[in-house]
Amino acid sequence: MLSTSASSSRKFLANPSPIPTTVLGIRAVLRQFTWALFCILGSSGGFSSATGATTQATGTTPSLRIETGTHVAPIRAASMDRDGRYAVTASEDKTARVWDVASGSPLSVFRPPSGPGNDGKLYAVAMAPDGAVFATAGWSSSNDVYLVRRSDGQIIHRITGLPDVVTHLSFSRDGRMLVAGLWGRQGVRVFQGTDSWGSARELQGGSDFSDEVNASVWSPDDKTIVVSSADGFVRAYEATPKGLKLLSRSTLAGMGVPFGLAFSPDGQTVAVGTSDQESVVLLDAKTLKVRKVLSPPAMGSIARSLSVVAWSTDGKSVYAAGSWANDKGRFAILVWPDTGQSEPTVIPVARNTITALHATRDGSLLYATADPAWGILAANGQSQLTIGSSLLDFRNQRSRFRLAADGSALAFQDARPGNTGDAFDTRQLAWVKAVKDWQAPRTSAGKTMVDNWFERQQPSINGKGLGLDANEWSLAASVSRDGNRIAIATNFQIRLYDRNGHALWKTAAPATPWQVNTSDDGRWVVAAFSDGTLRWYRQQDGSEQLVFFPQADGRRWVMWVPGGYFAASPGGENLVGWQVDRGSAQAADFYPVSRFRTEYYRPELIREVIGKGSTDAALAALPAGAAAPPGGQAIRERLPPTVRIVSPDTSNWAVGGNIKLQVAVRAPADAPPTILRARINGQPVALPALSALRSSRSDANESIYEVPFSLSGLDAQILLFAENKHGVSPEATLTLKKPPVTAKEAVAASNNIGMPAAASAPATGSVDLRPALYILAIGISKYQDPSIQLEFAAKDSTDLSNFFRTQEGGLYRKVSVRLLTDHSAKRDDVLDGLEWIRRELTARDVGMVFIAGHGVNDADGTYYFLPQDVNVKALKRTGVIFSEIRNTLVSLPGKAMFFIDTCHAGNVLGTGARSLRLDTTAVINELSSADNGVIVFAAATGRQYAQESPDWGNGAFTKAILEGLRGKADYNKSGRITHKMLDLYVSERVKSLTEGAQSPVTIVPSGVPDFPLVLGQR
């Protein structure tokens, strides 16, 4: 168990960053810069308490976690390998993430075993110089340090049982030793590892400390390590075979509390950042005496901390950052050229505290922030790469955080990207325009008033002070319409009081709550958090009932209840997933909720939660047996396999010819893997049966298979999937970079996995390597049922087919079209068409299926396309079930694209089949999942209707597609139009045509590269 006392634990959580408490006074003047307070309070990422870690056991119940591909809570530490190829970032969101520095692409994610609240938050990280391993640590019951393999995020070794929380980690320059700085008075511990860090032994550390360790840094020759501490001392140790031997220690003589450290490349000087001052102190490395003090320019700053430092590898420049910001509120990196002989350059880079700096050999600089974000500055100070926050920012939105009277809809910003609505309605599961009479949070109502509630520790109701916990700060408040209830949001909790100031309930805040509101009907408390979520709490007892996560891209969202039932936009169901722990010595598994779509995608339940008053009531209203058992334990019983690539590693592999991957597949004992599947650049690749592959056992439930692949010389992204009776695993990804090849070789290689940027007819007698295009175009306007007629569906499919016929002889060697319209689009015709394209397409080719007409979902949620001869009252017998379309598209050996325009308004429900409804979301998400690999262009999102008009001569969707393909999507005049270019044009054009009533969506599966659809006019 932790030896940390309750009070010191609170202190660590309350101020884990180097930001001075004086920022609080500045906040009173410049409140728009509340991110700095965010770091002072240290309350992002989820607190259940602030008194200690929660014991984590092997059988921890799976928990739902947000997953955006980037961090969702402050990055506390960052590191790189010596060559600057990989960066690793550690965050309070309970993940450490490895990135490719050149591209910013994510490479792997480490998820430590974790429990509720603070357990699992990561505060320290260091990458070994060779980049093969990184060490990370934070909040855990045993104060663990995890040695993690960089390539797949798996734990190699765990150092456990340390006496307190780890605050800092650093590897020696040769990668053989690791120093861990500790909280409290525990000092530093030193470990020596084997070559692969599969084991480690502890050496003699340093324990003469009276406060926590802030940082440590090794000298260039690995003979000395310097440590900074909150007790005010900088200590220098000699590194010996037995451990550390104290050489000297000194204070900064009133110039601040030492924090970040950096050795000059020549080993003669140590730069020291301070946690409470705006200066950088340069110390003599041998004596620790002050050589020089670097100060920022006199330009006005809203904060006064330069806590993290770095030294350029040429020794000429010193970098520093922290909570220092310019007069415009941008947090900046200061660069002193000529080792401080000249005035510093100010480079604003962030909205929040800068938490890490790391200089690279090529002169660039890695930085990380609490936004959370990270980036690379080039040697000239220009931004080279920025990986920003993917979260909506709810700060300073109080007047805009407006709630419908019954709590079913809410607005939370001025305007969303895409301009399709500034509010969300949980009953419609759609973006809507906010209603004027929706209520913003009140600070008074009737005879009740709440005071002193903004960034204060002593809020009051009608003059009566409220007793908050130590280090707890009030951030938002709302008084109910009748004045009888007052909600207070603090950095730790959501609280509810009566008008007399009596506490009614409190519940742990999963992240920093920036806003809170109460519904006028007295049933709901709704809060907006720093992790991008909006959450509904039942006012009667404070129980969380509904969570909404809108992605900052303005398109994707997911909404779920604590038991795991969810609804999502197209492309939104991978934004949240289940973390399943495997014990204290193993990295946790993560499964997006998309892997449980069949049983837990329940939009009809989600729509009813607010109206019914609880998840249980909404669940009870569903037909018997309509939903799987809720909760994490039920998820644990339905787990698909996991798959990871053991070797090769992208850092030392050049593509060419045949390769063999070592692939580890793990599955529950009662659900062994049955199939291993692969896609290369999005296209399916046939693999031998598992029984035919050479394999060895790793542990009781994991086997390692040797899987052969044949690749050309082009770049290849390999996605691997394993399947069992419960479903398909999350993908394992390996990106292989091409060796230098000639232009001729590149064109020849495109036969299998690529497509040339341009193509021309081959010379006489040569082999034509251009792909063929196969199109199945189905459009139905004239149905047998007179009540569901459309105007332009048949014309849409005809016009699209005619356009692509003109592409024969250019990009495509052949264009084959099967056009089915009206009377030629009966059920049997459609099924025959699906069989045709499945039979004709080869791995070289491109297949497109375009359907325009009506589609419906039955009472079970199954989607049917309505052929011309459909009888809606006999849907199962006369409709085309989605599985027929799906099975065709996912089995196509070439590139597969699906255009779906079946969301038309019409009297489909007027035939008497009241159980039918319209929602294409599940269809879009299933087809576009990484394991299915289909690029999906959808005319509208969710339950929107697709528009058609005589003024356009087509449906809005088809009109935009045709305009884009004819050249308007070629914004850069490149002479070609790719699917990404078409997506951009269609998205904006359809919204413009329909004045925002229709929002098309394109989902491209992971692993599918951009490629040209047509050649345009230069």
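Reading guide: rules and limits
- Here the residue index of a chain counts from 1 through its sequence in written order.
- Totals for whole chains, interfaces and linings use all residues, but because this is a predicted model, local features are given only for residues with pLDDT of at least 70 and pairs of side-chain atoms are given and counted only at 80 or more.
- The basis for every side-chain value is the complete set of heavy atoms in the structure, and neither hydrogens nor water enter the calculation.
- Only runs of H or I of at least four residues qualify as helices and only runs of E of at least two qualify as strands under DSSP, and these elements are numbered from the N terminus.
- When a residue's accessible area, from a 1.4 Å probe over protein chains only, is under 20% of the maximum for its type it is buried; when over 50% it is exposed; and in between it is partly exposed.
- Whether two residues touch is decided by their heavy atoms; if any such pair falls within 4.5 Å, the residues are in contact.
- Where accessible areas are quoted, they stem from the Shrake-Rupley method and a 1.4 Å probe; at the residue level, only the protein chains shown are allowed to cover.
- Aromatic rings from Phe, Tyr and Trp, with only the six-membered ring used for Trp, were paired whenever their centres fell within 6.5 Å, and each pair was classed as stacked if the ring planes differed by under 30 degrees, edge-to-face if by over 60, and tilted otherwise.
- Placement of a positive charge over a ring is assigned whenever Lys NZ or Arg CZ falls within 6 Å of the ring centre and within 35 degrees of the normal to the ring plane.
- Strand pairing is assigned whenever DSSP identifies at least 2 bridges connecting the two strands.
- For helices, the axis comes from a line fit to the C-alpha atoms of the stretch in contact; other axes are also lines fit to C-alpha atoms, and the angle between any two N-to-C directions lies between 0 and 180 degrees.
- Whenever Lys or Arg places a side-chain nitrogen within 4 Å of a carboxyl oxygen from Asp or Glu, that contact is recorded as a salt bridge.
- Note on terminology: a nonpolar core comprises buried Ala, Val, Leu, Ile, Met, Phe, Trp, Tyr and Cys residues joined through side-chain atoms within 4.5 Å.
- Nitrogen and oxygen atoms within 3.5 Å of one another constitute a polar contact, given that in protein one can donate a hydrogen and the other can accept it, and given that sequence-neighbouring residues count only through two side-chain atoms.
- The span one expects for a helix is its residue count, reduced by one, times 1.5 Å.
- Any angle that falls under 35 degrees is termed roughly parallel, while one over 145 is termed roughly antiparallel, one within 65 to 115 roughly perpendicular, and all others oblique.
- A clockwise turn of the near helix away from the far one marks a right-handed crossing, whereas an anticlockwise turn of less than a right angle marks a left-handed crossing.
- Scored from 0 to 100, pLDDT reflects the predictor's confidence in each residue.

**Things to note about the overall build of the protein chain**
The number of helices and strands found in the protein chain is 16 helices and 71 strands. Looking at the protein chain as a whole, 61% of its 1018 residues qualify as buried. Within the protein chain, contacts between residues separated by at least 24 positions form 58% of all contacts whose residues are at least 6 apart in sequence. Total accessible area on the protein chain is roughly 36600 Å²; 48% of this is exposed by carbon and sulfur atoms.

**Notes on the packing of aromatic side chains**
Applying the stated criterion to the full structure yields 21 aromatic pairs. Ring-pair connections join several aromatic residues into one group, and the members of that group are Phe394, Phe412, Phe424, Trp431, Phe548 and Trp557. A cation over an aromatic ring shows up here: Arg235 above the ring of Phe209, its NZ or CZ 3.8 Å from the ring centre.

**As for the sheet that holds strand S45 (residues 544–550)**
Strands pair in a sheet through their backbones, by hydrogen bonds, and they do so in one of two ways: parallel or antiparallel. What the six strands build is an open sheet, ordered S42-S43-S44-S45-S46-S47; its pairing is antiparallel. Both outer strands of the open sheet, strand S42 (513–518) and strand S47 (566–568), are each paired with one neighbouring strand and no more. Within the sheet, the average angular offset between the axes of one strand and its neighbour, ignoring direction, is 15°. In terms of strand pairing, strand S46 (residues 557–560) meets S47 through three bridges, oriented antiparallel. The residue bridging Trp560 from the neighbouring strand is Phe566, located in S47.

**Considering the pairing of S42**
Of all the six residues making up S42, six are buried; the element is thus mostly covered by neighbouring parts of the structure. Bridge analysis of S42 against strand S43 (residues 524–529) gives five bridges, and the strand direction is antiparallel. Within the sheet, the bridge partner assigned to Pro513 lies in S43 and is Phe529. Hairpin connection from S42 to S43: five residues lie between these consecutive antiparallel strands, with Gly522 at a positive phi of about 80°.

**Structural notes on the pattern of salt bridges**
It is possible for side chains bearing opposite charge to pair when their charged atoms get close. Enumeration over the complete set of coordinates arrives at 46 salt bridges. We note a salt bridge from Asp931 to Arg595, for which the minimum N-O separation is 3.4 Å. A residue pair is termed long-range when its members are at least 10 positions apart, and Asp931 in the loop between helix H14 (921–927) and strand S66 (935–938) and Arg595 in the loop between strand S49 (589–592) and helix H4 (597–600) qualify at 336 residues. As far as burial versus exposure is concerned, Asp931 and Arg595 are alike and both buried. Glu702 is the salt-bridge partner of Arg666, the closest N and O atoms lying 3.8 Å from each other. Here Arg666, found in strand S51 (residues 657–666), pairs with Glu702, found in strand S55 (residues 702–711); they are 36 residues apart in sequence, far enough to count as distant. Connected through salt bridges with shared partners, the residues Arg149, Asp152, Arg582, Asp589, Arg644, Arg666 and Glu702 form a single ionic network.

**A short note on the nonpolar core**
Core analysis: the biggest nonpolar cluster contains 50 residues, and Phe412, Leu534, Trp536 and Phe548 have the highest contact counts within it. Once residues lying within four places of it in the same chain are set aside, the contact partners of Trp536 are Gly407, Leu410, Thr426, Trp524, Val525, Val526, Ser543, Glu544, Gln545, Leu546, Phe548 and Ile610. Phe804, Val846, Phe899 and Trp952 belong to the second largest nonpolar core, which has 44 residues in total.

**Examining the environment of Tyr945**
Here Tyr945 lies in the loop between S66 and strand S67 (948–949). Accessibility expressed as a relative area gives 41% for Tyr945, which makes it partly exposed. Sequence-wise, Tyr945 and Cys903 are 42 residues apart; in three dimensions their C-alpha atoms are separated by 5.0 Å.

**A look at the side chain of Ser312**
As for its position among the elements, Ser312 is in the loop between strand S22 (308–311) and strand S23 (318–321). A distance of 3.3 Å separates a polar atom in the side chain of Ser312 from the backbone nitrogen of Lys316. Apart from residues lying up to four places away in sequence, Ser312 is in contact with Pro265, Ser317, Tyr319 and Ala359.

**Re the side chain of Arg495**
Relative to the helices and strands, Arg495 is located in strand S40 (residues 493–498). Polar contacts involving the side chain of Arg495 include one to the side chain of Glu472, which spans 3.0 Å.

**Describing unusual backbone geometry**
Asp371 connects to Pro372 through a cis peptide bond whose omega is 10°. Position of Pro372 among the secondary structure elements: in the loop between strand S27 (365–369) and strand S28 (373–377). With omega at 5°, the peptide bond leading from Ser647 into Pro648 counts as cis. Here Pro648 shows up in the loop between strand S50 (642–647) and S51. One non-glycine residue, Lys973, adopts positive backbone phi at about 55°. With respect to the secondary-structure elements, Lys973 resides in the loop between helix H15 (956–968) and strand S69 (976–978). Judged by its relative accessible area of 58%, Lys973 falls in the exposed class.

**Thoughts on the sheet that holds S27**
Spatial ordering of the open sheet is given by S26-S27-S28-S29, a layout of four strands whose pairing is antiparallel. Whereas interior strands pair on both sides, the edge strands pair on one side only; in this sheet they are strand S26 (354–359) and strand S29 (383–387). Averaged over all pairs of adjacent strands, the angle between their axes in this sheet comes to 15°, without regard to strand direction. Strand direction decides the pairing type here: S27 and S28, joined by five bridges, are antiparallel. Looking at S28, one finds that Thr369 is bridged to Ala373.

**Considering the environment of Leu247**
Residue placement: Leu247 occurs in strand S17 (residues 243–251). A relative accessible area of 48% places Leu247 in the partly exposed class. Taking the C-alpha atoms as reference, Leu247 lies 5.1 Å from Tyr237; in sequence the two are 10 residues apart.

**Quick word on H15**
Given a rise of 1.5 Å per residue, 13 residues ought to cover 18 Å, yet the end C-alpha atoms of H15 are separated by just 15 Å, more than 12% below that figure. Among the residues of H15, Ala956, Phe957, Thr958, Lys959, Ala960, Ile961, Leu962, Glu963, Gly964 and Leu965 are the ones counted as buried.

**Considerations on the pairing of S22**
Along S22, one buried face is formed by Val308 and Ala310 and the opposite face, lined by Val309 and Trp311, is buried too. Hairpin geometry of S22 and S23 is characterised by an intervening segment of six residues between the two adjacent antiparallel strands and by a positive phi of about 80° at Gly315.

**Structural notes on the environment of Ile461**
Within the element layout of this structure, Ile461 appears in strand S36 (residues 460–461). Residue classification places Ile461 among the buried residues on the basis of a relative accessible area of 1%. Put simply, Ile461 and Val450 are 11 residues apart on the chain and 4.5 Å apart in space, counted from C-alpha to C-alpha. In this view, Ile461 contacts Thr448, Met449, Leu466, Ile486, Tyr497, Asp498, Arg499 and Gly501; residues no more than four positions away in its chain are not counted.

**Things to note about helix H10 (residues 793–805)**
Helix length check: H10 (13 residues) gives 19 Å between terminal C-alpha atoms against 18 Å at 1.5 Å per residue, within 8%. Every buried residue belonging to H10 is among Ala793, Ala794, Asp796, Ser797, Asp799, Leu800, Ser801, Phe803 and Phe804, and all of these are buried.

**Quick notes on the packing of H15 against helix H16 (residues 979–993)**
One can describe the packing of H15 onto H16 by two numbers: an axis separation of 9 Å at closest approach and a directional angle of 135°. Classified by the angle their axes make, H15 and H16 are oblique. Handedness of the crossing formed by H15 with H16: right-handed. Residues Ala956, Phe957, Lys959, Ala960, Ile961, Glu963, Gly964, Leu965 and Lys968 of H15 lie in contact with H16, whose contacting residues are Leu982, Tyr985, Val986, Arg989, Val990 and Leu993.

**Here's the deal with the confidence of the model for the protein chain**
Confidence in the prediction for the protein chain averages 87 pLDDT; 88% of positions are at 70 or higher. Below a pLDDT of 50 lies the segment residues 1–58, which in the model reaches 184 contacts outside its immediate sequence neighbourhood of four places, other chains included. Here residues 907–915 scores under 50 on pLDDT; set against residues more than four positions off or in separate chains, the count is 17 contacts.

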